[in-house]
Number of protein chains: 2
Amino acid sequence: MLDGIAIVNPGDIEKRSFEMITEILGEKKFPPFHENIIKRVIHATADFEFAESMKISETAVAKAFEAIKSGCNIVTDTKMASVGINRKSIARFGGQIVCYMDDEAVALEAKQRNVTRASVCMEKAAKDENNKIFALGNAPTALIRLVELIKEGAVAPALVIGVPVGFVNVVESKELLKTAGVPYILSEGRKGGSNIAAAIVNAILQMIEDPR
Amino acid sequence: MLDGIAIVNPGDIEKRSFEMITEILGEKKFPPFHENIIKRVIHATADFEFAESMKISETAVAKAFEAIKSGCNIVTDTKMASVGINRKSIARFGGQIVCYMDDEAVALEAKQRNVTRASVCMEKAAKDENNKIFALGNAPTALIRLVELIKEGAVAPALVIGVPVGFVNVVESKELLKTAGVPYILSEGRKGGSNIAAAIVNAILQMIEDPR
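Residues numbered from 1 in each chain as written. Chains lettered and ligands numbered in written order. Predicted model: local features only at pLDDT ≥ 70, side-chain atom pairs only at ≥ 80, totals over all residues. Heavy atoms only, no water.

- Naming follows an unreviewed UniProt entry, where chain A appears as Cobalt-precorrin-8X methylmutase of Sporotomaculum syntrophicum.
- According to UniProt, the comment filed for chain A under the heading Pathway (unreviewed entry) is "Cofactor biosynthesis; adenosylcobalamin biosynthesis."
- UniProt, in the comment section headed Sequence similarities (unreviewed entry), describes chain A in these words: "Belongs to the CobH/CbiC family." (UniProt positions renumbered as here; feature names shortened; annotations may be inferred.)

Structural data, given as structure tokens:
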């Protein structure tokens, strides 16, 4: 082994990582269940700003548990998020991970209407009633269109994970989500990402599969 | 359209994002080529810390251009990174994106030897001479094993992108990469991620495909 590298058993790496996160968070306290979600986001990013910026609405975790246990699908706005989610765990409950970003009909329609593919994906996703959880880690245009659809009564998600990243309408899209009247988990500000969307879903799945 | 949301043409969102990044970076200057890589990492994360923490060795970009143009493969340590990379662009040059993390033989061998799957993946990747670029955004154990293999003379990458994220041996693995004697692009500190590994490869591909 090389100099300066600690020897850690492969099976203990994740446990040790979470111990380090807990040590660094120090006195900071979160509601039950919220803590697991926030720590998993920090584990995925090594960015402790999320301890402040993550906002989880009161019924979000309970509604997500209920929806997943009833076999709902998870909709993502990127393939990266969809491959990052624990697919086997979702399948055990009877659900699927759904992403329409590579759908050629979606791409064509977006071009014709001069809107983003991500927003057309949300319209498509809204048509399947089993699409109950939306995990959006990339496109603010997806989140904005989803909130519009919610306000029009076209879709009623059990949970919207709103963690798009970037600069154009990103901050605004997350503020908008707070007004949608549905359970949400979001990161205030510009930060977010597909890895974070996946980490949040995985934290929820882990709490259902391994309740402590 | 909803209150507070700026109307931006879908085709202009990325351009406007990069203008905002440039504005926020202000007077900060980077070497040619390095700037595109660092801005794309900031675009993927909205995290300006990367303007300081990204370290790019002198020949890294030139060696990457050469290797990609000659049709080399890109090795990743996660499926998330592999789906985040512009696969069509790599294919145009004759290369592939390679990830062995879902390989059952790799999983079995890792278990038997009590090492991580990621490190066994690097051993497997080292056996194919066309695997010239390694883009590691997750597992420090992959990066550590890769540096060992380089030092043993078992593999000679044209470029190692070392951006694992997290807590156990992450900082150390990137410091180790600096000593490997190969061209590198890395993020000092704990931050990194599969999204960042993909963003760096995509920045390089874009500079080759669309030289300005």
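From this point, things continue past the structure.
Focus: the sheet that holds strand 6 (residues 184–187) of chain A
Residues and elements named next belong to chain A.
Here is step 1 of the chain: Reading across the sheet, the 6 strands line up as 1-6-5-4-2-3 and stay open at both edges, with mixed pairing between neighbours. At either end of the open sheet lies a strand with only one pairing partner, and these are strand 1 (54–56) and strand 3 (97–98).
Here is step 2 of the chain: Both strand 2 (residues 73–76) and strand 3 contribute to a ladder of 2 bridges, which runs parallel. Note on strand 3: the bridge partner recorded for Ile74 is Ile97.
Here is step 3 of the chain: Set on the sheet, helix 4 (residues 60–69) makes contact with strand 1, strand 2, strand 4 (131–136), strand 5 (159–162) and strand 6; between it and strand 4 the angle comes to about 125°. (Pairing = 2+ DSSP bridges. Helix = DSSP H or I, 4+ residues; strand = E, 2+ residues; numbered from the N terminus. Contact = heavy atoms within 4.5 Å. Axes fitted to C-alpha atoms, helices over the stretch in contact; angles between N-to-C directions.)

As for the interface of chain A and chain B
Here is step 1 of the chain: With 46 residues of chain A at the interface, the matching set in chain B holds 46 residues.
Here is step 2 of the chain: Summing the contributions of chain A and of chain B, the shared interface buries around 3,600 Å²; its carbon and sulfur component is 73%.
Here is step 3 of the chain: Put simply, Lys191 of chain B and Asp47 of chain A hold a salt bridge, and the shortest N to O gap is 3.6 Å.
Here is step 4 of the chain: Among the secondary structure elements, those contributing two or more residues to the side of chain A that touches chain B are helix 1 (13–25), helix 2 (34–45), helix 5 (79–84), helix 9 (140–151), helix 10 (170–177) and helix 11 (194–209) of chain A.
Here is step 5 of the chain: Taken together, the residues of the side of chain A that touches chain B break down into 23 nonpolar, 14 polar and 9 charged. (Buried area = accessible area lost by both parts, 1.4 Å probe. Salt bridge = Lys/Arg side-chain N within 4 Å of Asp/Glu carboxyl O. Nonpolar A, V, L, I, M, F, W, Y, C, P; charged D, E, K, R; others polar.)

Observations concerning the pattern of salt bridges
Residues and elements named next belong to chain A.
Here is step 1 of the chain: One pass over the full model with this rule turns up 36 salt bridges over all chains.
Here is step 2 of the chain: One salt bridge connects Lys39 with Glu35, and the closest N-O pair in it is separated by 2.7 Å. Residue Lys39 and its partner Glu35 are located together in helix 2, separated by 4 residues, close to a single helical turn.
Here is step 3 of the chain: You can call Lys39 buried: its relative accessible area is 10%.
Here is step 4 of the chain: Judged by relative accessible area, which is 29%, Glu35 ranks as partly exposed. (Buried < 20%, exposed > 50% of the residue type's maximum accessible area, 1.4 Å probe, protein only.)

Quick word on the pairing of strand 2 of chain A
Residue and element names in this part refer to chain A.
Here is step 1 of the chain: Residues of strand 2 alternate between two faces, with Asn73 and Val75 on one and Ile74 and Thr76 on the opposite face, all of them buried.
Here is step 2 of the chain: As paired strands, strand 2 and strand 4 are joined by 4 bridges and run parallel to one another. Across the sheet, Val75 pairs through a bridge with Phe134, a residue of strand 4.

Examining the environment of Ala67 of chain B
Residues and elements named next belong to chain B.
Here is step 1 of the chain: In this fold, Ala67 is placed in helix 4 (residues 60–69).
Here is step 2 of the chain: Overall, Ala67 belongs to the buried group, its relative accessible area being 8%.
Here is step 3 of the chain: Expressed as a C-alpha distance, the spacing of Ala67 and Leu176, which sit 109 residues apart in the sequence, is 23 Å.
Here is step 4 of the chain: Non-local contacts of Ala67, meaning those with residues more than four positions away in its chain, are made with Cys72, Lys132, Ile133 and Ala158.

Considerations on the sheet that holds strand 3 (residues 97–98) of chain B
Residue and element names in this part refer to chain B.
Here is step 1 of the chain: If you walk across this open sheet you meet the 6 strands as 1-6-5-4-2-3, and the pairing is mixed. Unpaired on one side and paired on the other, strand 1 (54–56) and strand 3 mark the two borders of the sheet.
Here is step 2 of the chain: With 4 bridges joining them, strand 4 (residues 131–136) and strand 5 (residues 159–162) adopt parallel strand pairing. By the bridge assignment for strand 5, Ile133 is matched with Leu159.
Here is step 3 of the chain: Contacts between helix 4 and the sheet are confined to strand 1, strand 2 (73–76), strand 4, strand 5 and strand 6 (184–187), with strand 4 contributing the most and set at about 125° to the helix.

Here we look at the relation of the copies chain A and chain B
Here is step 1 of the chain: The two copies are related by a screw motion: chain A maps onto chain B through a turn of 180° and a shift of 0.0 Å along the axis, at an RMSD of 0.0 Å. Within this description, the copies of the chain are treated as partners about a two-fold rotation axis. Taking C-alpha positions as the reference, the residue of chain A nearest the rotation axis is Met80 of chain A, at 2.5 Å. (Least-squares fit on C-alpha atoms with pLDDT ≥ 70 in both.)

What to know about unusual backbone geometry
Here is step 1 of the chain: In this structure, Phe33 of chain A is a non-glycine residue whose phi angle is positive, near 75°.
Here is step 2 of the chain: The class of Phe33 of chain A is partly exposed, set by a relative accessible area of 43%.
Here is step 3 of the chain: Residue Ala46 of chain B is not a glycine yet carries a positive backbone phi of 55°.
Here is step 4 of the chain: Mapped onto the secondary structure, Ala46 of chain B falls in the loop between helix 2 (34–45) and helix 3 (50–53).
Here is step 5 of the chain: Look at Ala46 of chain B and you get buried, because its relative accessible area is 8%.

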